[in-house]
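Structure assessment
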Amino acid sequence: MADILMLLASGADGHAEPGVLGLDSYQWVALAMSVLIAVFLWKKVPGIITGGLDAKIAAIRSALDEAKTLRAEAEALRAEYAAKIASAEKDAEAMLAGAREEADAILAKAEADSEVMVARRQKMAEDKISAAERAAIAEVKAKAVTAAAAASRKLIAERHDGAADKKLADEVIASL
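Because the structure is predicted, anything quoted here is derived from the model rather than measured. (Residues numbered from 1 in each chain as written. Predicted model: local features only at pLDDT ≥ 70, side-chain atom pairs only at ≥ 80, totals over all residues. Heavy atoms only, no water.)

**Regarding the overall build of the protein chain**
- Counting its regular elements, the protein chain contains 4 helices and 0 strands.
- Reading the protein chain from its N terminus to its C terminus gives the helix and strand order α-α-α-α.
- Among the 176 residues that make up the protein chain, the fraction classed as buried is 0%.
- Working note: accessible area of the protein chain is about 15,600 Å², and carbon and sulfur atoms make up 67% of it. (Helix = DSSP H or I, 4+ residues; strand = E, 2+ residues; numbered from the N terminus. Buried < 20%, exposed > 50% of the residue type's maximum accessible area, 1.4 Å probe, protein only. Areas by Shrake-Rupley, 256 points an atom, 1.4 Å probe, with all protein chains shown as cover.)

**Focus on the pattern of salt bridges**
- For the coordinates displayed, the defined rule picks out 5 salt bridges.
- Residue Asp-127 is joined to Lys-123 by a salt bridge in which the shortest nitrogen-to-oxygen separation is 3.4 Å. Taken as a pair, Asp-127 and Lys-123 lie in helix α3 (residues 45-159) at a separation of 4 residues, close to a single helical turn.
- Note that Glu-139 is salt-bridged to Lys-143, the shortest N-O span being 3.7 Å. With a gap of 4 residues between them, Glu-139 and Lys-143 both fall in helix α3, about one helical turn apart.
- For Glu-139, a relative accessible area of 47% puts it in the partly exposed group.
- For Lys-143, a relative accessible area of 55% gives the class exposed. (Salt bridge = Lys/Arg side-chain N within 4 Å of Asp/Glu carboxyl O.)

**A few points about the confidence of the model for the protein chain**
- Overall, the prediction assigns the protein chain a mean pLDDT of 84, with 89% of residues at 70 or greater.
- Confidence, read as mean pLDDT per element, is least for helix α1 (residues 2-10) in the protein chain (57) and greatest for α3 (90). (pLDDT = per-residue confidence, 0-100.)

**So, unusual backbone geometry**
- Backbone geometry at Lys-44 places phi at a positive 60 degrees, although glycine is not the residue there.
- With respect to the helices and strands, Lys-44 occurs in the loop between α2 (25-42) and α3.

**Here we look at the environment of Trp-28**
- Mapping Trp-28 onto the fold places it in helix α2.
- Judged by its relative accessible area of 32%, Trp-28 falls in the partly exposed class.
- Apart from the residues lying within four places of it in its own chain, the contact partners of Trp-28 are Val-20, Leu-21 and Leu-23. (Contact = heavy atoms within 4.5 Å.)

So, in structure tokens, the structure goes:
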């Protein structure tokens, strides 16, 4: 165990790099990379990568152009709807003003109509009172006439006798 610890502690001094065909490991790595790069160039991998990148760039450009177009359309729609909202607000204000004017006109007409109706009802009440007064006066007159006729009959019956009737009849005949 102590030997293993000694070997580990000694580090690279006690360790030799493997080599094949007289080439060290870093030379093999460089050779493998050169072969890999040569295969990539032979198969035109950089062209495929740049073509893919160019296609991706074109797709992104078209998406950006479409986004710009959509944004312009959205801004136009926003402006159109803002104008419509402003127009609707003006229309609502005009409708509200019209409704207020109409309500004021209806209120003024109702007040005028109520004044006319009150005047008409007052006239009707006065006419009814006058009619009631006339009826009461006529009734009082009728009762007075009835009472006067009854009193006259009574007085005539008490103070007038047959001789007075004869004298009255002779006077009426003579005047004819």
